[in-house]
There are 2 protein chains.
Amino acid sequence: MFKDLETAPKNHRVALDEVLASLKFNDDGLVAAVAQDARSKEVLMVGWMDRTAIQRTLSEGYACYWSRSRQTYWRKGETSGHLQALVELRLDCDGDAVLLLVEQTGPACHTNRPSCFYLTVEGEKVRVTTESQ
Amino acid sequence: MFKDLETAPKNHRVALDEVLASLKFNDDGLVAAVAQDARSKEVLMVGWMDRTAIQRTLSEGYACYWSRSRQTYWRKGETSGHLQALVELRLDCDGDAVLLLVEQTGPACHTNRPSCFYLTVEGEKVRVTTESQ
(Lines give C-alpha, C1' and ligand atoms only; values in the text may rest on other atoms or scores of the structure.)
Protein backbone atom coordinates (compact mmCIF):
# COMPACT_ATOMS: atom_id res chain seq x y z
CA MET A 1 0.00 0.00 0.00
CA PHE A 2 2.58 2.60 1.09
CA LYS A 3 4.97 1.44 -1.64
CA ASP A 4 2.22 2.01 -4.22
CA LEU A 5 1.50 5.48 -2.88
CA GLU A 6 5.13 6.54 -3.28
CA THR A 7 4.59 7.12 -6.99
CA ALA A 8 0.96 8.23 -6.80
CA PRO A 9 0.20 11.68 -8.20
CA LYS A 10 -0.98 14.57 -6.09
CA ASN A 11 -4.65 14.28 -5.05
CA HIS A 12 -4.75 10.52 -5.58
CA ARG A 13 -7.09 9.06 -2.95
CA VAL A 14 -7.29 5.66 -1.27
CA ALA A 15 -9.61 4.26 1.39
CA LEU A 16 -8.66 5.12 4.97
CA ASP A 17 -9.46 1.59 6.16
CA GLU A 18 -6.98 0.08 3.73
CA VAL A 19 -4.28 2.54 4.76
CA LEU A 20 -4.83 1.90 8.46
CA ALA A 21 -4.68 -1.86 7.82
CA SER A 22 -1.29 -1.37 6.15
CA LEU A 23 0.37 0.71 8.88
CA LYS A 24 3.68 -0.68 10.07
CA PHE A 25 3.25 -0.99 13.80
CA ASN A 26 6.26 -1.86 15.93
CA ASP A 27 6.52 -4.99 18.08
CA ASP A 28 4.25 -3.32 20.64
CA GLY A 29 1.64 -2.59 17.97
CA LEU A 30 2.39 1.15 18.00
CA VAL A 31 3.48 3.97 15.74
CA ALA A 32 5.08 7.22 16.85
CA ALA A 33 2.66 10.17 16.85
CA VAL A 34 4.05 13.70 16.63
CA ALA A 35 1.75 16.50 17.80
CA GLN A 36 2.38 19.89 16.22
CA ASP A 37 0.59 23.15 17.01
CA ALA A 38 -1.41 23.91 13.88
CA ARG A 39 -0.91 27.65 14.21
CA SER A 40 2.57 28.21 15.67
CA LYS A 41 3.96 25.01 14.08
CA GLU A 42 5.76 24.26 17.34
CA VAL A 43 6.35 20.53 17.88
CA LEU A 44 4.57 19.83 21.16
CA MET A 45 5.22 16.19 22.01
CA VAL A 46 5.72 12.66 20.73
CA GLY A 47 3.24 10.01 21.84
CA TRP A 48 2.29 6.55 20.70
CA MET A 49 -0.79 5.22 18.93
CA ASP A 50 -2.20 1.90 17.90
CA ARG A 51 -4.93 1.57 15.29
CA THR A 52 -7.68 2.11 17.85
CA ALA A 53 -6.02 5.28 19.17
CA ILE A 54 -5.79 6.64 15.62
CA GLN A 55 -9.43 5.80 14.94
CA ARG A 56 -10.54 7.34 18.24
CA THR A 57 -8.53 10.47 17.47
CA LEU A 58 -10.25 10.75 14.09
CA SER A 59 -13.76 9.98 15.28
CA GLU A 60 -13.66 12.00 18.52
CA GLY A 61 -11.66 14.93 17.12
CA TYR A 62 -9.21 14.96 20.02
CA ALA A 63 -5.77 13.35 20.25
CA CYS A 64 -5.97 9.97 21.95
CA TYR A 65 -2.70 8.15 22.64
CA TRP A 66 -1.70 4.78 24.02
CA SER A 67 0.10 5.14 27.33
CA ARG A 68 2.99 2.68 27.41
CA SER A 69 3.55 3.25 31.12
CA ARG A 70 -0.09 2.82 32.12
CA GLN A 71 -0.99 0.40 29.30
CA THR A 72 -4.21 2.21 28.52
CA TYR A 73 -5.69 4.74 26.12
CA TRP A 74 -5.69 8.34 27.24
CA ARG A 75 -7.31 11.27 25.60
CA LYS A 76 -4.59 13.87 26.05
CA GLY A 77 -5.84 16.39 28.63
CA GLU A 78 -8.63 14.20 29.99
CA THR A 79 -7.55 15.03 33.55
CA SER A 80 -5.60 18.30 33.03
CA GLY A 81 -8.04 19.81 30.54
CA HIS A 82 -5.11 20.40 28.19
CA LEU A 83 -6.85 18.85 25.21
CA GLN A 84 -5.54 18.65 21.68
CA ALA A 85 -8.31 19.33 19.18
CA LEU A 86 -7.46 17.63 15.91
CA VAL A 87 -7.06 19.86 12.89
CA GLU A 88 -5.44 17.36 10.54
CA LEU A 89 -3.92 13.89 10.69
CA ARG A 90 -1.14 12.89 8.32
CA LEU A 91 0.74 9.63 7.76
CA ASP A 92 4.29 9.27 6.56
CA CYS A 93 5.69 7.61 3.47
CA ASP A 94 6.41 4.24 5.03
CA GLY A 95 3.41 4.09 7.34
CA ASP A 96 5.17 4.01 10.69
CA ALA A 97 4.56 7.54 11.95
CA VAL A 98 1.63 9.90 12.38
CA LEU A 99 1.63 13.69 12.43
CA LEU A 100 -1.19 15.45 14.25
CA LEU A 101 -1.83 19.12 13.64
CA VAL A 102 -3.71 20.27 16.72
CA GLU A 103 -5.18 23.22 18.54
CA GLN A 104 -3.58 22.83 21.95
CA THR A 105 -5.48 24.02 25.02
CA GLY A 106 -3.01 25.14 27.70
CA PRO A 107 0.48 23.68 27.96
CA ALA A 108 1.11 20.41 26.11
CA CYS A 109 3.69 19.12 28.60
CA HIS A 110 2.82 17.53 31.94
CA THR A 111 5.40 19.89 33.46
CA ASN A 112 3.13 22.78 32.42
CA ARG A 113 5.50 23.92 29.74
CA PRO A 114 4.14 24.75 26.28
CA SER A 115 6.11 21.93 24.62
CA CYS A 116 7.74 18.74 25.92
CA PHE A 117 10.91 19.70 24.01
CA TYR A 118 12.26 22.21 26.52
CA LEU A 119 15.75 20.72 26.84
CA THR A 120 18.21 22.13 24.30
CA VAL A 121 21.76 20.94 23.71
CA GLU A 122 24.28 23.78 23.83
CA GLY A 123 27.85 22.53 23.44
CA GLU A 124 28.59 20.12 26.27
CA LYS A 125 25.56 21.27 28.27
CA VAL A 126 21.80 20.87 28.10
CA ARG A 127 19.76 23.94 28.98
CA VAL A 128 16.17 24.20 30.24
CA THR A 129 14.68 26.69 27.77
CA THR A 130 11.19 27.36 29.13
CA GLU A 131 9.59 28.03 32.49
CA SER A 132 6.64 26.08 33.83
CA GLN A 133 3.50 28.12 33.23
CA MET B 1 17.79 13.02 35.70
CA PHE B 2 14.72 13.87 33.58
CA LYS B 3 12.49 13.80 36.67
CA ASP B 4 14.82 16.32 38.34
CA LEU B 5 14.74 18.58 35.29
CA GLU B 6 10.94 18.76 35.34
CA THR B 7 11.04 21.35 38.10
CA ALA B 8 14.28 23.04 37.09
CA PRO B 9 14.05 26.77 36.38
CA LYS B 10 14.62 28.27 32.96
CA ASN B 11 18.31 28.39 31.97
CA HIS B 12 19.32 25.66 34.41
CA ARG B 13 22.14 23.67 32.82
CA VAL B 14 23.31 20.09 33.19
CA ALA B 15 26.10 18.12 31.54
CA LEU B 16 25.23 16.66 28.13
CA ASP B 17 26.97 13.38 28.95
CA GLU B 18 24.76 12.85 31.98
CA VAL B 19 21.62 13.60 30.01
CA LEU B 20 22.60 11.23 27.19
CA ALA B 21 23.35 8.51 29.74
CA SER B 22 19.83 8.94 31.13
CA LEU B 23 17.90 8.74 27.85
CA LYS B 24 15.14 6.16 27.84
CA PHE B 25 15.91 4.02 24.83
CA ASN B 26 13.37 1.41 23.73
CA ASP B 27 14.08 -2.32 23.60
CA ASP B 28 16.04 -1.76 20.40
CA GLY B 29 18.17 0.92 22.07
CA LEU B 30 16.52 3.73 20.08
CA VAL B 31 14.59 6.94 20.57
CA ALA B 32 12.30 8.58 18.01
CA ALA B 33 13.90 11.55 16.26
CA VAL B 34 11.66 14.18 14.66
CA ALA B 35 13.26 16.39 12.01
CA GLN B 36 11.68 19.82 11.59
CA ASP B 37 12.66 22.47 9.04
CA ALA B 38 14.17 25.26 11.14
CA ARG B 39 12.78 28.00 8.89
CA SER B 40 9.38 26.79 7.62
CA LYS B 41 8.71 24.71 10.77
CA GLU B 42 7.41 21.89 8.57
CA VAL B 43 7.82 18.46 10.14
CA LEU B 44 9.96 16.59 7.62
CA MET B 45 10.31 13.03 8.90
CA VAL B 46 10.62 10.73 11.88
CA GLY B 47 13.76 8.64 12.18
CA TRP B 48 15.46 6.67 14.93
CA MET B 49 18.63 7.32 16.88
CA ASP B 50 20.74 5.53 19.44
CA ARG B 51 23.27 7.35 21.60
CA THR B 52 25.98 7.11 18.95
CA ALA B 53 23.69 8.56 16.28
CA ILE B 54 22.85 11.49 18.57
CA GLN B 55 26.53 12.08 19.30
CA ARG B 56 27.47 11.85 15.63
CA THR B 57 24.68 14.29 14.75
CA LEU B 58 26.01 16.74 17.31
CA SER B 59 29.69 16.37 16.48
CA GLU B 60 29.31 16.23 12.67
CA GLY B 61 26.56 18.84 12.43
CA TYR B 62 24.39 16.71 10.16
CA ALA B 63 21.49 14.43 11.08
CA CYS B 64 22.66 10.83 11.43
CA TYR B 65 20.03 8.18 12.05
CA TRP B 66 19.98 4.47 12.76
CA SER B 67 18.40 2.55 9.92
CA ARG B 68 16.25 -0.20 11.39
CA SER B 69 15.83 -1.89 8.00
CA ARG B 70 19.54 -1.84 7.12
CA GLN B 71 20.81 -2.07 10.73
CA THR B 72 23.39 0.63 10.17
CA TYR B 73 24.01 4.32 10.73
CA TRP B 74 23.19 6.63 7.87
CA ARG B 75 23.90 10.28 7.56
CA LYS B 76 20.65 11.46 5.99
CA GLY B 77 21.41 12.43 2.40
CA GLU B 78 24.76 10.63 2.21
CA THR B 79 23.76 9.15 -1.14
CA SER B 80 21.04 11.56 -2.32
CA GLY B 81 22.82 14.72 -1.21
CA HIS B 82 19.68 15.72 0.67
CA LEU B 83 21.52 16.50 3.89
CA GLN B 84 20.04 17.89 7.07
CA ALA B 85 22.38 20.47 8.59
CA LEU B 86 21.74 20.62 12.31
CA VAL B 87 20.56 23.95 13.71
CA GLU B 88 19.44 22.77 17.14
CA LEU B 89 18.87 19.50 18.97
CA ARG B 90 16.27 19.24 21.72
CA LEU B 91 15.23 16.45 24.05
CA ASP B 92 11.80 15.90 25.52
CA CYS B 93 10.64 15.86 29.13
CA ASP B 94 10.91 12.13 29.67
CA GLY B 95 14.00 11.53 27.58
CA ASP B 96 12.57 9.24 24.94
CA ALA B 97 12.37 11.57 21.94
CA VAL B 98 14.63 13.97 20.09
CA LEU B 99 13.69 17.01 18.03
CA LEU B 100 16.11 18.18 15.35
CA LEU B 101 15.76 21.63 13.85
CA VAL B 102 17.50 21.38 10.51
CA GLU B 103 18.32 23.16 7.29
CA GLN B 104 17.13 20.63 4.74
CA THR B 105 18.90 20.42 1.38
CA GLY B 106 16.41 19.30 -1.29
CA PRO B 107 13.44 17.08 -0.47
CA ALA B 108 13.50 15.27 2.88
CA CYS B 109 11.54 12.25 1.67
CA HIS B 110 13.03 9.41 -0.36
CA THR B 111 10.05 9.86 -2.72
CA ASN B 112 11.45 13.31 -3.56
CA ARG B 113 8.66 15.09 -1.72
CA PRO B 114 9.51 17.94 0.65
CA SER B 115 8.20 16.06 3.70
CA CYS B 116 7.53 12.38 4.43
CA PHE B 117 4.09 13.37 5.75
CA TYR B 118 2.34 13.71 2.40
CA LEU B 119 -0.64 11.48 3.19
CA THR B 120 -3.55 13.35 4.76
CA VAL B 121 -6.72 11.81 6.15
CA GLU B 122 -9.85 13.40 4.72
CA GLY B 123 -13.00 11.71 5.98
CA GLU B 124 -12.92 8.06 4.93
CA LYS B 125 -10.14 8.69 2.42
CA VAL B 126 -6.41 9.40 2.49
CA ARG B 127 -5.14 11.92 -0.05
CA VAL B 128 -1.66 12.36 -1.50
CA THR B 129 -1.03 16.05 -0.87
CA THR B 130 2.26 16.76 -2.62
CA GLU B 131 3.89 15.89 -5.91
CA SER B 132 7.34 14.35 -6.23
CA GLN B 133 9.82 17.08 -7.07
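Residues numbered from 1 in each chain as written. Chains lettered and ligands numbered in written order. Predicted model: local features only at pLDDT ≥ 70, side-chain atom pairs only at ≥ 80, totals over all residues.

Novice: How should the sheet that holds strand S2 (residues 31-37) of chain A be read in this particular structure?
Specialist: Within a sheet, adjacent strands bond to each other through the backbone by hydrogen bonds, running parallel or antiparallel. The strand order across the open sheet built from 7 strands is S1(A)-S9(B)-S8(B)-S6(A)-S7(A)-S2(A)-S3(A), with neighbouring strands paired in mixed fashion. Whereas interior strands pair on both sides, the edge strands pair on one side only; in this sheet they are strand S1 (13-15) and strand S3 (43-49) of chain A. Within this sheet the neighbouring strands show an average axis-to-axis angle of 30°, counted without direction. By the bridge criterion, 6 bridges tie S2(A) to strand S7 (residues 97-104) of chain A in an arrangement that is parallel. Its bridge partner being in S7(A), Gln36(A) is matched across the sheet by Leu101(A). Sheet contacts for helix H3 (residues 51-60) of chain A: S3, strand S6 (84-91) and S7 of chain A together with strand S8 (119-122) of chain B; angle to S6(A), the most-contacted strand, approximately 125°. (Pairing = 2+ DSSP bridges. Helix = DSSP H or I, 4+ residues; strand = E, 2+ residues; numbered from the N terminus. Axes fitted to C-alpha atoms, helices over the stretch in contact; angles between N-to-C directions. Contact = placed C-beta atoms within 7 Å.)

Novice: I keep staring at the relation of the copies chain B and chain A and nothing clicks. Help me out?
Specialist: Between the two copies of the chain lies a relationship made up of a rotation around an axis and a movement along it. Expressed as a screw operation, the relation of chain B to chain A combines 0.0 Å of axial shift with a rotation of 180°, fitting to an RMSD of 0.0 Å. What the rotation and shift describe, once combined, is the action of a two-fold rotation axis. For chain B, the minimum C-alpha distance to the rotation axis belongs to Lys41(B) and amounts to 2.9 Å. Taken together, the interface assignments show that 100% of the residues at the interface of chain B recur at the interface of chain A, consistent with an identical surface on both copies. (Least-squares fit on C-alpha atoms with pLDDT ≥ 70 in both.)

Novice: Could you clarify how one ought to interpret the sheet that holds strand S8 (residues 119-122) of chain A in this entry?
Specialist: Read across the sheet, 7 strands follow the order S1(B)-S9(A)-S8(A)-S6(B)-S7(B)-S2(B)-S3(B) without closing on themselves; strand pairing throughout is mixed. Sheet topology places strand S1 (13-15) and strand S3 (43-49) of chain B at the edges, where each strand pairs with a single neighbour. The mean inter-strand angle of the sheet, taken between neighbouring strand axes irrespective of direction, is 30°. Both strand S2 (residues 31-37) of chain B and S3(B) contribute to a ladder of 6 bridges, which runs antiparallel. Within S3(B), the residue paired with Ala32(B) across the bridge is Trp48(B). Its contacts with the sheet place helix H3 (residues 51-60) of chain B against S8 of chain A together with S3, strand S6 (84-91) and strand S7 (97-104) of chain B, and it is angled at close to 125° to S6(B).

In short, shape yes, function no, at least from these values alone.
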